[in-house]
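Geometric and topological summary
What follows is the residue order along each chain.
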Amino acid sequence: QVQLVESGGGLVQPGGSLRLSCTASGSIFSIYAMGWYRQAPGKERELVATISDYGTNYADSAKGRFTISRNNAKDTVFLQMNSLKPEDTAVYYCNAWVNQNSLWGQGTQVTVSS
């Protein structure tokens with residue numbers, strides 16, 4: 001079965017940077033798109049950024065600060081986060097359209113101190 005595993009979360013000071021990674025493994029025929037979502041305590045899960053053959057898409061809150069990218073095999077997605085703010089604190093989830101299914105990773109905690 002296909003699995004998505006995120007890494008790179010942690011505690012960072014305001015203004016600092018983190019780089020998240022998510023790798024898909026298993027019985028993969030194709031990966032059409034990958035992206036990052038986040039969910040803060042008591043909040044709904046929201047889109048941060050996505051990437052596909054059609055290009056990239058960013059939430060307004062991420063534009064100019066975050067950069068999404070993927071490797072040539074298209075099985076790993078990265079999220080470079082710069083100029084982090086306390087409001088970025090959330091669990092970040094990787095999402096991917098693998099084969100014919102939308103899959104989610106386990107999440108990685110990002111905490112930006114006040």
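Cut-offs applied
- Residues numbered from 1 in each chain as written.
- Predicted model: local features only at pLDDT ≥ 70, side-chain atom pairs only at ≥ 80, totals over all residues.
- Heavy atoms only, no water.
- Disulfide = S-S within 2.5 Å.
- Helix = DSSP H or I, 4+ residues; strand = E, 2+ residues; numbered from the N terminus.
- Buried < 20%, exposed > 50% of the residue type's maximum accessible area, 1.4 Å probe, protein only.
- Salt bridge = Lys/Arg side-chain N within 4 Å of Asp/Glu carboxyl O.

1. Things to note about the state of the cysteines
A full pass over the atoms with the stated rule returns one disulfide. Shown here is the disulfide that connects C22 with C94, its sulfur atoms set 2.0 Å apart. Measuring the twist about the S-S bond at about -80°, one finds the C22-C94 disulfide to be left-handed. Linking C22 in strand β3 (residues 18-25) with C94 in strand β9 (residues 90-98), this pair joins segments that are 72 residues apart in sequence. Both residues of the pair, C22 and C94, belong to the buried class.

2. Side note on the pattern of salt bridges
This model, assessed by the stated rule, comprises six salt bridges. Put simply, D60 and K63 hold a salt bridge, and the shortest N to O gap is 3.3 Å. Through salt bridges with shared partners, one network takes in R38, E46, R65 and D88.

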